[in-house]
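Read off the chains here:
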There are 2 protein chains.
Amino acid sequence: MDPLRPPALDPATVDERRGSGYPEPFRSRMGERVKRMLGEACGLTRFGVNLVTLGPGGQSALRHWHTLEDEFVYILDGEVVLVTNDGEQRLTRGMCAGYPAGSRDAHHFVNRSTAPATYLEIGNRIEGDNAFYPDDDLMWCEDENGAYAAHKDGRRY
Amino acid sequence: MDPLRPPALDPATVDERRGSGYPEPFRSRMGERVKRMLGEACGLTRFGVNLVTLGPGGQSALRHWHTLEDEFVYILDGEVVLVTNDGEQRLTRGMCAGYPAGSRDAHHFVNRSTAPATYLEIGNRIEGDNAFYPDDDLMWCEDENGAYAAHKDGRRY
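Residues numbered from 1 in each chain as written. Chains lettered and ligands numbered in written order. Predicted model: local features only at pLDDT ≥ 70, side-chain atom pairs only at ≥ 80, totals over all residues. Heavy atoms only, no water.

Caption draft 1: Spatial organisation of the state of the cysteines. Evaluation of the coordinates by the stated rule reveals zero disulfides over all chains. As a non-bridged cysteine, B:Cys42 has A:Cys96 as the owner of its nearest cysteine sulfur, 4.9 Å distant. Judged by relative accessible area, which is 12%, B:Cys42 ranks as buried. (Disulfide = S-S within 2.5 Å. Buried < 20%, exposed > 50% of the residue type's maximum accessible area, 1.4 Å probe, protein only.)

Below is the structure:
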């Protein structure tokens, strides 16, 4: 098969991104989490589409909700546990979830299985969006240099 | 496995939509095309996510480009031919494509295989978006009652 050319794309050709913008001790909790930013690789700016592989023990994010961003996830392979305000449920290949902007139902995936899980995550890009973390002592604040991570009492990390 | 509860969703529980807003002779060209509007079923408003099954001989849409809408497609199963200004290429499971708003590279999928193909299609929702169809005698116009389909010389369908 010939290599794909734009506007098509083979995700395997897109750079892997590891790491997280969270301060410790939160960053390490994400575990083995690898993202390929497919939407950006295609030149999209209005929403992001990431192909994510989450190793056993990894988390998609800290449990959070967004003020202005709709999010959607679709499981491609493996299984994850979705944790929301209401508790836990197991999602497998072909299942999905959607989180409307402003819904205070904080959510994340945890991979409690022994195999990697792969999913697509999609979110619209919008200025002024903020995220809140009901389980963790973290919030984002802004000064003249941009956003920074703070404890909930305001002290910087 | 227990039934999923919001914000999670099993796509099999979402209504199937058939048909097309195109006038004839274009509507029939879409063939066996079934959509499940997953994003809308989850209450999302800022972008749409549709799970589409395209039967043999079907088309995703007339070949088109959008003025204000980013689009992204990800192949879940089967194979499709992506047609763009530059020609044709075959996409199979795990491949994707992205169409930035305002790029005049008109695109669609055709299923030339003998099996159904399944893919996710994602697009941001934005007022004032328009689409253009370089291969077909179709455009959308607007009067006080809303949008209508017209020939390129302005006559209504």
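Caption draft 2: Structural detail: the nonpolar core. Of all hydrophobic cores here, the largest spans 28 residues; its most connected members are A:Phe72, A:Tyr74, B:Phe72 and B:Tyr74. Those elements giving two or more residues to this core turn out to be strand S3 (47-54), strand S5 (71-77) and strand S10 (117-124) of chain A together with strand S3 (47-54), strand S5 (71-77) and strand S10 (117-124) of chain B. Among all residues touching A:Phe72, those that are not within four sequence positions of it are A:Cys96, A:Ala97, A:Gly98, A:Leu120, A:Glu121, A:Ile122, B:Leu38, B:Gly39, B:Cys42, B:Leu44, B:Phe47 and B:Val49. Among the nonpolar cores identified, the runner-up in size contains 15 residues, and A:Val73, A:Val80, A:Met95 and A:Phe109 belong to it. (Core = buried A, V, L, I, M, F, W, Y, C linked by side-chain atoms within 4.5 Å. Helix = DSSP H or I, 4+ residues; strand = E, 2+ residues; numbered from the N terminus. Contact = heavy atoms within 4.5 Å.)

Caption draft 3: Fine view of unusual backbone geometry. In this chain, A:Glu24 is followed by A:Pro25 through a cis amide linkage whose omega measures 10°. Mapped onto the elements, A:Pro25 comes out in the loop between strand S1 (8-9) and helix H1 (26-29). At the junction of B:Pro6 and B:Pro7, the peptide bond is cis and its omega measures out at 10° in the coordinates. Tracing the backbone through its elements, the reader meets B:Pro7 in the segment before strand S1 (8-9).

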